[in-house]
Amino acid sequence: MKTSVIGYPRIGKDRELKFASEKYFKGEISESELNATAAAIREGNLKAQKAAGIDFISSNDFSFYDNVLDTAVLFNVIPARYTDLGLSALDTYFAMARGYQGEKGNVKALAMKKWFNTNYHYLVPEIDDSTEVKLTGSKPVDEYKEAASLGVNTKVAVTGPFTFLKLLRYTGSKSISDYASVFAAEYVKLISEVANACAEWIEFDEPYLVHDLSAEDIKIFKDIYNTILGSKGDVKVLIQTYFGDIRDIYSEVTALAFDGIGLDFIEGKKTLELVKTNGFPADKLLFAGVVNGKNIWKNNYEKTLNIIDEIKSAGVESIVINTSCSLLHVPYTLASETKLTDEYKKHFAFAQEKLPELVEIASLAVNKDEAVLEANKKLHESRVNAYDAKVQERVKNIKDSDYTRLPEFAEREKIQKARFNLPLFPTTTIGSFPQTADVRKNRQDFRKGNISEEEYVNFNKNKIAECIKLQEEIGLDVLVHGEFERNDMVEYFGEHLEGYLFTEKAWVQSYGTRCVKPPFIWGDVSRKEAITVKWSAYAKSCTDKEVKGMLTGPVTILNWSFPREDISIKESTLQIALAIRDEVLDLEANGINIIQIDEAALREKLPLRKSDWYSEYLDWAIPAFRLVASGVKPETQIHTHMCYSEFTDIIPAIDAMDADVITFEASRSDLLILDSLKGNNFKTEVGPGVYDIHSPRVPSVDEIVTALTKMRAKIDDSKLWVNPDCGLKTRGNEETVKSLKNLVEAAKSLR
Ligand code: GLN
Ligand code: ZN
């Protein structure tokens, strides 16, 4: 049995590509120096895979920024505003990725979007009537040849035409159906170039197929691939899907003349069933995604072999053991972790460690080596410090009533209005204040042991006192402590919860040069002791005004961590919810009357299929949030914050979080959300962000008044809050103070 890898991380084991790119952006190194770094990364990646004995290795999985952007450039889908700059090819590419501001002009970057259900982001290419779609690039063939010259025979991996067309933004008069045949013809040319380079296989990545598909989608897909497969000549074509199953198009895909079909058996809940009930054509290779490309755990061989046995018993002969998606979504190698002990490390497999796993599974699938299987089984059963009977018991004992806060919203609203007696259009912020260099240094010094705990705490207390005084001077109504103790809204809580593990170098690309280091949920999660109370209580002691306590919600904490695989995500989330619930109650007991529970990432993990939104996700995610808040007194006010306003389609679910106030980003969107709020009789009080904190620009009073006036047309005055659209931590002090003063003045002028 053979093995395959869909794609390999490309940021470099020590994030070399990130650092080289950043130097290149600053003009500190040349294009050829950047190219040399990139070539070294590609070579290392290829050789690691070859050394491990992987049979199907991808070329063209590398990218300077993003593969969708690469595909756009490959087919000349480059908006004129970028080519007009007259930059080199590489700089035009980076201008699309990051925007350009300099002597040649000033253009914004392409929009960026989340890549399916991952935390990776791709650039959204734009096409208009002046775009001449043609194969102008040669990256796939170049990288194939480069690999060949290194002695590595590869499959050429390219974003597939259907997925590419679905992700494109159409800014002209034409739409997807106008372009389908044009792109099909250009992909045919690509195949013939791949053939000329003597490549045996080309892989088209078509993750879009795991969505709910319309009849039109299916027709477009078939038209494109009938053309492509009709002219593929001797090149073998693998269609690679991932992030789910292809239940809407399985029979069409298997009926087409592909030579290989890649299916995801990890996230594809129905994949196995599809293969069993519909069969799989004998003349094709089934690339079975059984090694999770999105998580960091060692494979459970017993489970995996069961899947393979089932595939075999469905009559499938030719199976290739594959990753479930590109390994882009996991860190490079466990070898870089020096602090995690072997007790823990032996349970993990990052990209590099997944390679021998694939090979071992391929061998076990043919020849079940009982000793190896037994050892793997033991490994999965012996997880040191992972289980906490008390936590499990507590989750089991959650009652239905724990998910409901009483009295109901309308009653609470009255009680809270009377209690807080806030002016009309109350003003507040989202939590963090500028994380200036001194704030970061204080944390760093403490972490490195350069300063004592007392020094660290005193510094933060001074910052809090200053921050409170500043907010009082500005005239805000509900104050915050400023979050100076936090590096990141998830990492901070993870570090204070039992059941979490941290790594040194387990970086994963989020977009371009930006990487994140998600913490690992190792075992049952609980709270050792109060986490935020001392900071919030101190802030409260500095003022007579209300200070909002600031917490991260369970769904966001889970979504930005690597989850466990031995229990459900739902169960882990409930454990986290109980821990944060304890924190909420402690804050309340310590005089904090308003508590914000951020769910910045709630919208992010909506299942790709709309039909799964509730049953697979919202039906437990929303109650998990309610569980956190339901224990407080009626007069305690619960806020939540979400980063995107793109929840027009789940408004009822957001309302069902049953928070008292929700703030969200609205300043960049066209306020369409307000219509939906009105249309759905949204009960929760709302603070749609009145200005964009992602830019240093200071909004004028007039501008804020204009935004508020639009909001007042749709939202009852008694429910409208006034706030920026997100935390201020990435901003400087100067623009923050000016912006907030204008915000307060705008609110006052409307009162
Ligand atoms: N309370 C957090 C902050 O202000 C919220 C961050 C976020 O929404 N991403 O920084
Ligand atoms: Zn936010």
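Scroll up to find the structure this text is about.
Overview of the structure.

Within the secondary structure layout, Ala-537 lies in helix α21 (residues 533-541). Classification of Ala-537 as partly exposed rests on a relative accessible area of 26%. Residues Ala-537 and Ala-288, spaced 249 residues apart in sequence, show a C-alpha to C-alpha distance of 54 Å. What Ala-537 contacts, discounting residues up to four positions off in sequence, is Asn-590 and Ile-592.

Considering all chains together, one arrives at 38 aromatic pairs under this definition. Sitting above the plane of the Trp-522 ring, Arg-383 keeps its charged end 4.6 Å from the centroid. Across the ring face of Trp-507, the terminal group of Lys-517 is positioned such that the distance to the ring centre comes to 5.5 Å.

The amide bond that connects Leu-406 to the next residue, Pro-407, takes the cis arrangement and shows omega of -5 degrees. Inspection of the secondary structure assignment puts Pro-407 in the loop between α16 (389-396) and α17 (409-420). Notably, Asn-76 is not glycine yet its phi reads approximately 65 degrees, a positive angle. Take Asn-76: it is sitting in the loop between α3 (67-74) and α4 (80-83).

A word on the sheet that holds strand β15 (residues 478-479). Pairing is parallel in the open sheet, where 6 strands are placed in the order β15-β20-β21-β22-β23-β24. Unpaired on one side and paired on the other, β15 and β24 (685-688) mark the two borders of the sheet. In terms of strand pairing, strand β23 (residues 661-664) meets β24 through 4 bridges, oriented parallel. Bridge assignment links Thr-663 to a residue of β24, and that residue is Gly-687.

Now for the coordination of the zinc ion (ligand 2). Protein-derived coordination of the zinc ion (ligand 2) comes from His-641 (NE2), Cys-643 (SG) and Cys-726 (SG), at a distance range of 2.1 to 2.2 Å. Of note is the zinc ion (ligand 2), whose 4 donor atoms meet at the metal with angles of 86 to 124 degrees in an arrangement that counts as tetrahedral. All donors of the zinc ion (ligand 2) come from a single chain, and their spacing in sequence reads H-x1-C-x82-C. Pair noted here: Cys-643 is in the loop between β22 (637-642) and α25 (651-655) and Cys-726 is in the loop between α27 (701-714) and α28 (733-750), with a separation of 83 residues, a long-range link. Across this residue pair, the class does not change: Cys-643 and Cys-726 are buried.

Put simply, helix α18 (residues 437-447) and helix α19 (residues 453-474) touch, their axes get as near as 9 Å, and they point 160 degrees apart. Considering the angle they form, α18 stands roughly antiparallel to α19. Handedness of the crossing formed by α18 with α19: left-handed. On the side of α18, the interface is formed by Asp-438, Val-439, Asn-442, Arg-443 and Phe-446, while α19 contributes Glu-453, Glu-455, Tyr-456, Phe-459, Asn-460 and Lys-463. Here the contact of α18 with α19 is built from residues that sort into 4 nonpolar, 2 polar and 5 charged.

Moving on: the pattern of salt bridges. In a structure, side chains of opposite charge can pair up when their charged atoms sit close to one another. In the structure shown here, the tally under the stated rule is 54 salt bridges. The partner of Lys-294 in a salt bridge is Glu-267, with the nearest N and O atoms 2.8 Å apart. On the criterion of sequence distance, the pair formed by Lys-294 in the loop between β13 (285-291) and α12 (301-313) and Glu-267 in the loop between β12 (260-264) and α11 (271-278) is long-range, its members being 27 residues apart. Of the residues examined, Glu-267 reaches a relative accessible area of 28% and is grouped as partly exposed. Connected through salt bridges with shared partners, the residues Arg-42, Asp-70, Lys-139, Glu-143 and Glu-146 form a single ionic network.

The next thing to look at is helix α26 (residues 672-679). Buried within α26 we find Ile-673, Leu-674, Ser-676 and Leu-677. Buried residues in α26, looked at end-on, bunch into an arc of 160 degrees, giving them a common side. In this structure, α26 carries Leu-672 and Gly-679 as exposed residues pointing more than 90 degrees from its buried face. Asn-681 lies just past α26 and shows a positive phi near 50 degrees.

Our focus in this paragraph is the sheet that holds strand β8 (residues 154-159). Read from one edge of the open sheet, 8 strands run β1-β14-β13-β12-β11-β10-β8-β2, paired in parallel fashion. The sheet terminates laterally at β1 (2-4) and β2 (57-59), the two strands that pair on one side only. Neighbouring strand axes in the sheet, compared pairwise and without regard to direction, differ in orientation by 30 degrees on average. Relative to β8, β2 is paired through 3 bridges, and the arrangement is parallel. Residue pairing in the sheet places Ser-59 in a bridge with Val-156 of β8.

Applying the stated criterion across every chain, the model contains 6 cavities of 30 Å³ or more. Reported here for the largest cavity is a volume of approximately 320 Å³. Lining the largest cavity are 24 residues, with Asn-60, Asp-61, Asn-67, Thr-159 and Asp-205 sitting closest to its centre. Counting only elements with at least two residues in the lining of the largest cavity, the list comes to α3, α6 (139-149) and β8. When residues in the lining of the largest cavity are grouped by element, the largest group, 5 residues, is from α3. Across the lining of the largest cavity, the residue classes tally to 11 nonpolar, 7 polar and 6 charged. Listed by contribution, the elements that provide at least two residues to the lining of the second largest cavity are α2 (31-52), β2 and α6. Here the lining of the second largest cavity takes 4 residues from α2, the largest share from any one element. In the lining of the second largest cavity, the residues fall into 5 nonpolar, 5 polar and 5 charged.

So, on to the side chain of Thr-427. If you trace the backbone, Thr-427 turns up in the loop between α17 and α18. Under the relative-accessibility criterion, Thr-427 is labelled buried at 0%. In this view, Thr-427 contacts Gly-475, Leu-476, Asp-477, Val-478, Val-722, Leu-743, Val-744, Ala-747 and Arg-751; residues no more than four positions away in its chain are not counted.

Rules behind the numbers
Residues numbered from 1 in each chain as written. Chains lettered and ligands numbered in written order. Predicted model: local features only at pLDDT ≥ 70, side-chain atom pairs only at ≥ 80, totals over all residues. Heavy atoms only, no water. Helix = DSSP H or I, 4+ residues; strand = E, 2+ residues; numbered from the N terminus. Buried < 20%, exposed > 50% of the residue type's maximum accessible area, 1.4 Å probe, protein only. Contact = heavy atoms within 4.5 Å. Phe/Tyr/Trp six-rings, centres within 6.5 Å; stacked < 30°, edge-to-face > 60°. Lys NZ or Arg CZ within 6 Å of the ring centre and 35° of its normal. Pairing = 2+ DSSP bridges. Donors = N, O, S within 2.8 Å, 3.2 Å for Na, K, Ca; no water. Tetrahedral: all angles 85-135°; square planar, octahedral: opposite > 155°, others 65-115°. Axes fitted to C-alpha atoms, helices over the stretch in contact; angles between N-to-C directions. Parallel < 35°, antiparallel > 145°, perpendicular 65-115°, else oblique. Left-handed = near helix turned anticlockwise from the far one by under 90°. Nonpolar A, V, L, I, M, F, W, Y, C, P; charged D, E, K, R; others polar. Salt bridge = Lys/Arg side-chain N within 4 Å of Asp/Glu carboxyl O. Arc of directions from axis to C-beta. 1 Å grid on protein atoms, 1.4 Å probe; cavity = no way out; pocket = protein on both sides within 12 Å on 5 of 7 lines; lining within 4 Å. Points joined across faces, edges and corners; volume = space filled by probe spheres on them.

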